[in-house]
Amino acid sequence: MPEYNNHVIEAAAKEGYAIPAFNYSDIWEHGAIVQAAAEERAIVYTASNMRVAGSIGLPYLGAIGAAAHAVSGGHIFNHLDHSSSVELCKQAVDSGYHSVMIDASMCSLEENIAKTKEVVAYAHAHGVVVEAEIGRILGRNVEGTYEGDDYLVQVKDAVAMAEETGVDSLAVGIGTAHGFYKEEPRINLERLKEVHAHVNIPLVLHGGTGVPYDTVRACIANGMAKVNVGTLLHGCYVETLRERMKTWDGTNISDLMEPVRDAIKEKVREWIRVCNANNRI
Ligand code: 13P
């Protein structure tokens, strides 16, 4: 059973930095994150979404996460990202994940609270922390359409979510989106400040890719204690791979993939520093 670890994010919140959470799709991306974290002496989350968890398998990813945790001296945590399924969250807990996110933000507030409560009860009994979502993160994979400011977190909903569920951290919709932005993101810092003033658990910034660094830092200063980044790593992966393919002699996959890993590693290192999470261990 993993040791309950929300103190990691809580400590970051107190000390004014954020724990970065990086999405990975395969062992090369995962390895890049692990190496970058060691070089930057940072505590990080590695995050698999439902698609990755489904295609590679939770028991296998749980074992890789446990291995990364062990080789890092307990500083890398394995996280299931955006699971709309309560069952999948429970399976991740059973597979040794350190942290799970139940994302029922597409449901009514009552349903979102009920699902989150169910995951919290199961996860906490197994030493696992839980993140939930309130308001909506825009962009890729968002169901439904949102008129005007509908996606924005409502302060009273965030308070209800935090108080009624016992959840450990809360992803809040303040205008960020998953994927590349078509235009400069419009982040509602005022709403973030209001939520932060009323909710006393750490908040989570999703959709890190493309958010200007100064804005990320302003969000961290106002309660965002975990920052999620994914798309830019995957973009870097594909661009570097495409370039390397041009000169690859077709014999050794490592010749192709080591430069990919190293390019991703540089992006991860950069984001660790944006979160002011370097030199923490
Ligand atoms: P990006 O892919 O936009 O960086 O967002 C990552 C994320 O928020 C995962 O939950």
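Notes on the structure follow.

Conventions adopted
- Residues numbered from 1 in each chain as written.
- Predicted model: local features only at pLDDT ≥ 70, side-chain atom pairs only at ≥ 80, totals over all residues.
- Heavy atoms only, no water.
- Pairing = 2+ DSSP bridges.
- Helix = DSSP H or I, 4+ residues; strand = E, 2+ residues; numbered from the N terminus.
- Axes fitted to C-alpha atoms, helices over the stretch in contact; angles between N-to-C directions.
- Contact = heavy atoms within 4.5 Å.
- Salt bridge = Lys/Arg side-chain N within 4 Å of Asp/Glu carboxyl O.
- Buried < 20%, exposed > 50% of the residue type's maximum accessible area, 1.4 Å probe, protein only.
- Polar contact = N/O pair within 3.5 Å; in protein donor to acceptor, adjacent residues only side chain to side chain.
- Near = heavy atom within 4 Å.
- Nonpolar A, V, L, I, M, F, W, Y, C, P; charged D, E, K, R; others polar.
- Disulfide = S-S within 2.5 Å.
- Core = buried A, V, L, I, M, F, W, Y, C linked by side-chain atoms within 4.5 Å.
- Right-handed = clockwise from strand over helix to strand, strands pointing away.

### Some remarks on the sheet that holds strand β9 (residues 203–205)
Read around the barrel, 8 strands follow the order β1-β2-β3-β4-β5-β7-β9-β10 and close on themselves; strand pairing throughout is parallel. Across the sheet, the mean angle from the axis of one strand to that of its neighbour is 30°, orientation sign disregarded. Of the strand pairs in this sheet, strand β5 (residues 129–134) and strand β7 (residues 169–172) are connected by 4 bridges, and their pairing is parallel. Bridge pairing in β7 places Glu131 opposite Ser169. Against the sheet, helix α5 (residues 86–94) makes contact with β3 (76–83) and β4 (99–102), and its axis sits at roughly 180° relative to β4, the strand it touches most. Lying over the sheet, helix α9 (residues 213–221) contacts β9 and β10 (224–229), oriented at roughly 145° with respect to β10.

### With respect to the pattern of salt bridges
The final tally for this structure, using the stated rule, is 12 salt bridges. The closest approach of N and O atoms between Glu118 and Lys90, which form a salt bridge, is 2.8 Å. Pair noted here: Glu118 is in helix α6 (residues 109–125) and Lys90 is in helix α5, with a separation of 28 residues, a long-range link. For Asp157, the salt bridge is made with Lys156, and the minimal N-O distance between the two is 3.3 Å. With a relative accessible area of 62%, Lys156 lands in the exposed category. Salt bridges here are not isolated pairs; linked through shared partners, they connect Glu39, Glu40, Lys265, Arg269 and Arg273.

### Observations regarding the environment of Glu29
Mapped onto the elements, Glu29 comes out in helix α2 (residues 27–40). We classify Glu29 as buried; its relative accessible area is 1%. Sequence separation of Glu29 and Tyr237 is 208 residues, and the distance between their C-alpha atoms is 8.0 Å. A distance of 2.7 Å separates the side chain of Glu29 from the backbone nitrogen of Ser25, its partner in a polar contact. At 2.6 Å, the side chain of Glu29 and the side chain of His234 are in polar contact.

### Details of the site of the ligand
Surveying the vicinity of the ligand reveals 15 residues, the closest of which are Asp81, Gly207, Thr209, Gly230 and Thr231. Here an oxygen atom of the ligand sits 2.9 Å away from a polar atom, N or O, in the main chain of Gly179. At a separation of 2.9 Å, an oxygen atom of the ligand approaches a polar backbone atom of Gly230. Broken down by secondary-structure element, the contributors of at least two residues to the shell around the ligand are β3, β8 (177–178) and β10. When the residues that make up the shell around the ligand are grouped by side-chain class, the tally is 2 nonpolar, 11 polar and 2 charged.

### Examining the state of the cysteines
By definition, a disulfide links two cysteine residues through a covalent bond between their sulfur atoms. Per the stated rule, a full pass over the model turns up 0 disulfides. Here Cys219 is not cross-linked by a disulfide; its sulfur's nearest cysteine counterpart is in Cys275, at 11 Å.

### Topic: the nonpolar core
One recurring pattern in soluble globular proteins is that nonpolar side chains are buried together. One finds Phe22, Leu80, Val100, Leu170, Val172, Ile174 and Val227 to be the most contacted residues of the largest nonpolar core, which totals 84 residues. The greatest single-element share of this core, amounting to 8 residues, is contributed by helix α11 (residues 253–274). Non-local contacts of Ile174, meaning those with residues more than four positions away in its chain, are made with Tyr151, Leu152, Val153, Arg186, Ile187, Asn188, Leu192, Leu205, Cys219 and Met224.

### Section: the environment of Trp248
Within the fold, Trp248 resides in the loop between α10 (231–245) and α11. In this structure Trp248 comes out as partly exposed when scored by relative accessible area, which is 27%. When residues no more than four places from it in sequence are discounted, the contact partners of Trp248 are Ile253, Asp255 and Leu256. Here Asn252 takes part through its backbone oxygen, which lies 3.0 Å from a polar atom of the side chain of Trp248.

### What to know about the pairing of strand β2 (residues 44–48)
Buried residues dominate β2, accounting for 5 of its 5 residues. Residues Val44, Thr46 and Ser48 line one face of β2 and the alternating positions Tyr45 and Ala47 line the opposite face, and both faces are buried. Judged from the 3 bridges that link them, strand β1 (residues 19–23) and β2 form a sheet pairing that is parallel. Within β2, the position partnered with Phe22 by the bridge is Thr46. Between the parallel pair β1 and β2, the chain is carried across by α2, and the sense of this crossover is right-handed. Two strands pair when backbone bridges link them, and β2 and β3 are joined in this way by 5 bridges, in the parallel orientation. The partner of Val44 across the bridge, within β3, is Ile76.

Shape is all these values report; function is a separate question.
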